[in-house]
Amino acid sequence: MPNNTRVTQLEHSSEPVTESVADLLSLEHAMDYKSSQMSMGLSPGSTAPVRALLPSPDPDAEDGRPAWNNKLEYILAQVGFSVGLGNVWRFPYLCQKNGGGAYLVPYFILLLLIGIPLFFLELAVGQRIRRGSIGVWNYVYPRLGGIGVSSLMVCGFVGLYYNVIIGWSIFYFFQSFQYPLPWAECPVNINGTQAEPECEKSSATTYFWYRQTLNITSSIDDTGGLNWKMTLSLLVAWILVCLAVIKGIQSSGKVMYFSSLFPYVVLFCFLVRGLLLRGAVDGIAHMFTPKLEKMLEPQVWREAATQVFFALGLGFGGVIAFSSYNKRDNNCHFDAALVSIINFITSILATLVVFAVLGFKANIMNEKCVVENAEKILGYLNTSVLSKELIPPHINFSHMTTEDYAEMYGVIKTVKEDNFAQLGLDPCVLEDELNKAVQGTGLAFIAFTEAMTHFPASPIWSVMFFFMLINLGLGSMIGTMTGITTPILDAFKIRKEILCVVCCIIAFLLGLLFVQRSGNYFVTMFDDYSAGLPLTVVVILENISVAWIYGTKRFMQDLEDMLGFRPYAFYYYMWMYVSPAVLVLLIVATVIEMVISPAGYNAWVESEGSERFHSYPPWASAMAYSLIVVAMLPLPVVFVARHFNLLSDGSNKLSVSYRKGMMKDVSNLEEQDEQRFILGKTPQAPSPAPSPRAYLGPGGTQEMTNTNYGTSTKTGYQNIGSPESEL
């Protein structure tokens, strides 16, 4: 230690020592991290395997980073990022498929076990280190710095196809400004005598989606060239995203006031309107009727864990990026719980809306089925194929109810048991219509649009619905783009405006892959392979690097210093044991499903007016699996490169200044007599800034003991040893 330091002066002074070590060090100049001899007991010039997770830059350095204008902007940004299209078209499908109301039980349990703890972890490290995903994990453990790069890669893949969905919504939005809606009826052929055969074999909304919107080819091998309507829609989508993020959080924060809140206005409007529709109660009752036996199936728990995982946006880097613009004393624990609960309630609200509308649609389709089959029966009666004696006397063919048809159907089936199949009659059971599970684009662009054609003033509702989808997608895209741009801006000194424009232009050009006539098949491929497994691996490595490499006890102590209170012991056990175990099981289940399930896609067959499953050709299979490899490749590459010192640790120089009340990795002082002097003196007066009490684990009461120098010396100051001591 230099001879002119405050410590040295006090050693040679006759004045009594009243300062603590933290007080003395708080007055010293900032030190170069890599050249410091106070770095975990290492020799000068060497690098530590694990950085202190919570560096304390100067206040001026903090002021240089952009910050949210207020807490509401930040919360809306996190809500807008986590609440996306999946809440509207994925969660209701999983709820219906996996036991109705019973599915909510495993979902809520897993939200508590892995959702909130891991969401809290990402918020905390981003807020305290104030870097994007790459910078955060370079500080925590440089050898796992590839975590941030993999997050950025996944954000890029997801952003490419996610904005295509926004483009589809933009196209439908502008098509909604006409009455009747263009997908309400099948178009007639050229001579105007009959409807298009492809439309007659499917439905008006299905035909509009596959033929007039996508103009889809029959296989992924046939690209079909660019679809100019979708190309223009994609261009508009990227212009909107660019304008929203071009000024960073200063522009995206303002956009979030509308894009995050407007979807809730639309959902409540649809809920009120839906509950007034005939048959809405049937849909909601079907939705929430619990099938408790489903809770015992492992597949239900796997899909619930996957949905929790993606609903909160874990691993994408957007959560870390948004929180990095917070003040360090922000209560991120409250934020984690609040955003998670809002996300869950939004999923329930969207489910109520979807099944109220689908219940109405099911009643419409069931009544249509009754009318069509009643006409068949009437024809059989007129041609004497069926005897009029089979028809109950109270049946009125001009006003036939579903109950009357069910009774007549049962009688005919009993009497004509031998040749009943030849009659071609359908049972027309409402439950069968409600059981037709739809998700994704099938729900938004086919089932829901068909239901809206039966609404009074249907164009108004269609405009609101697709404007809601645009805003939901835009909120998620802002988070995705922030997850890409923030790490790059942290690493390179470039103007954010230029970076955003360049990223959007490149993304638009790459996105042309998805606006070919076969583009929908590539959207399915990227959705299935680019994010699922890589993100799960990224998040479990995040969990391990903080809980097992840095140390959960140290992390809990850091959180106490940052938040002003100690988080519940619940998080200690979740981060240490439960969350990693659940994530390992999820990875194993995902790999098994990929192995046993054939890689393929649902191709549209024009001649049949329906979809048919096709296996991927060899080149497409190679492309699908290469998405997984490319997204995960930075993890081993960065680890090996830094293990053999082929790559810098990514920190550049970390200027560390110490504040009163905080102590950071004080060990192995060069002059042992000075060290003995500092630790051996008994303070004669209370320190004005006592050192924080170390976190000893749940229920721990063991006193801190200094054993760094071959002697066991009890001390009143916190001893932070090497990272290995925390494992």
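Cut-offs and rules
Residues numbered from 1 in each chain as written. Predicted model: local features only at pLDDT ≥ 70, side-chain atom pairs only at ≥ 80, totals over all residues. Heavy atoms only, no water. Helix = DSSP H or I, 4+ residues; strand = E, 2+ residues; numbered from the N terminus. Buried < 20%, exposed > 50% of the residue type's maximum accessible area, 1.4 Å probe, protein only. Contact = heavy atoms within 4.5 Å. Phe/Tyr/Trp six-rings, centres within 6.5 Å; stacked < 30°, edge-to-face > 60°. Lys NZ or Arg CZ within 6 Å of the ring centre and 35° of its normal. Expected span 1.5 Å × (residues − 1). Bend = angle between axes of the 7 residues up to and from the residue. Axes fitted to C-alpha atoms, helices over the stretch in contact; angles between N-to-C directions. Parallel < 35°, antiparallel > 145°, perpendicular 65-115°, else oblique. Left-handed = near helix turned anticlockwise from the far one by under 90°. Nonpolar A, V, L, I, M, F, W, Y, C, P; charged D, E, K, R; others polar. Disulfide = S-S within 2.5 Å. Salt bridge = Lys/Arg side-chain N within 4 Å of Asp/Glu carboxyl O. Lys, Arg positive; Asp, Glu negative; His and termini not counted. Pairing = 2+ DSSP bridges. Patch = residues over 30% accessible without salt bridge, like charges linked within 9 Å, V, L, I, M, F, W, Y side chains within 5 Å. Areas by Shrake-Rupley, 256 points an atom, 1.4 Å probe, with all protein chains shown as cover.

Q: Break down the overall build of the chain for me, with residues and values.
A: Helix and strand counts for the chain come out as 29 helices and six strands. By the burial criterion, 55% of the 727 residues in the chain qualify as buried. Considering only intrachain contacts with a sequence separation of at least 6, the fraction spanning at least 24 residues in the chain is 80%.

Q: Mind laying out the packing of aromatic side chains, listing which residues take part and the relevant values?
A: Overall, the coordinates contain 52 aromatic pairs when judged by the stated rule. With 5.0 Å between their ring centres and 80 degrees between their planes, F91 and Y107 make a pair best called edge-to-face. Taken together, the positions of F91 in helix α6 (residues 91-97) and Y107 in helix α7 (residues 104-129) put the pair 16 residues apart, joining distant regions of the chain. Overall, F91 belongs to the buried group, its relative accessible area being 0%. Over the ring of F455 we find R273, and its NZ or CZ is 5.8 Å from the ring centre. Positioned over the ring face of Y550 is R554, at 4.2 Å from the centre of the ring.

Q: Lay out α7 in plain terms, naming residues and giving numbers.
A: With 26 residues, α7 extends 35 Å from end C-alpha to end C-alpha; this agrees with the ideal 38 Å at 1.5 Å per step. Of all the bends found along α7, the most pronounced is centred on L111 and spans about 45 degrees. Counted residue by residue, α7 has 21 buried out of 26 residues, so it is predominantly covered. Directly after α7, the chain includes R130, whose backbone phi takes a positive value near 60 degrees.

Q: Tell me about the packing of helix α9 (residues 146-175) against helix α28 (residues 634-643), and please be specific about residues and values.
A: Relative to each other, α9 and α28 sit at 155 degrees, their axes nearing to 8 Å. By the angle between their directions, the pair α9 and α28 is classed as roughly antiparallel. For the pair α9 and α28, the crossing hand works out as right-handed. When α9 is examined against α28, the residues G146, I147, V149, S150 and M153 are found in contact with a partner set consisting of P634, L635 and V638. Tallied by class, residues from the contact of α9 with α28 come to six nonpolar, two polar and no charged.

Q: So, the state of the cysteines: which residues are in play, and what are the values?
A: Scanning the model with the defined rule gives two disulfides in all. Two residues share a disulfide in this structure: C186 and C199, whose sulfurs sit 1.9 Å from each other. The sign of the S-S torsion, about -80 degrees, decides the handedness of the disulfide formed by C186 and C199: left-handed. Taken together, the positions of C186 in the loop between α9 and α10 (197-201) and C199 in helix α10 put the pair 13 residues apart, joining distant regions of the chain. Judged by relative accessible area, which is 26%, C186 ranks as partly exposed. Disulfide pairing places C369 opposite C428 at an S-S distance of 1.9 Å. Between C369 and C428 the disulfide shows an S-S torsion of about -75 degrees. By sign, it is left-handed.

Q: Run through the pattern of salt bridges, naming residues and quoting values.
A: Summed over all chains, the structure comprises seven salt bridges. Taking the shortest distance from any N to any O, the salt bridge between R302 and E593 comes out at 2.9 Å. Here R302 is found in helix α16 (residues 298-311), whereas its partner E593 is found in helix α26 (residues 569-596), with 291 residues between them in sequence. Here R302 falls in the buried class, since its relative accessible area comes to 14%. For E593, a relative accessible area of 30% translates into the label partly exposed.

Q: Give me the lowdown on the side chain of E450, citing residues and values where you can.
A: Tracing the backbone shows E450 in helix α21 (residues 440-452). We note that E450 is buried and unpaired, the nearest opposite charge coming from K361 at a distance of 4.2 Å. Not counting the four nearest positions on each side in its chain, E450 is found in contact with S203, T205, K361 and M365.

Q: Provide a residue-level description of the pairing of strand β3 (residues 610-615), including the pertinent values.
A: As defined by bridge partners, strand β2 (residues 600-605) adjoins β3 across six bridges and the pair is classed as antiparallel. From the neighbouring strand, Y601 faces β3, where its bridge partner is H614. Linking two consecutive strands that pair antiparallel, namely β2 and β3, is a turn of four residues; a positive phi of about 65 degrees is found at G609 within it.

Q: Quick one: what's the story with helix α27 (residues 618-632), residue by residue and with numbers?
A: The terminal C-alpha atoms of α27 lie 21 Å apart, and with 15 residues this matches the ideal 21 Å at 1.5 Å per residue to within 8%. Residues of α27 that are buried include every one of A620, S621, A624, L627, I628 and A631, and no others. Where α27 is buried, its residues meet α9, α24 (519-529), α25 (532-563), α26 and α28.

Q: Give a detailed account of a nonpolar patch on the surface, specifying residues and quantitative values.
A: On the surface, a cluster of nonpolar side chains totalling about 540 Å² of accessible area is made up of V584, V588, V591, I592, V595 and I596. Its place among the elements puts V588 in helix α26.

Q: Quick one: what's the story with the environment of V501, residue by residue and with numbers?
A: Relative to the helices and strands, V501 resides in helix α23 (residues 496-510). Separated by 260 residues in the primary sequence, V501 and V241 have C-alpha atoms spaced 9.8 Å apart. Setting aside residues no more than four positions away along its own chain, V501 makes contact with C242 and I246.

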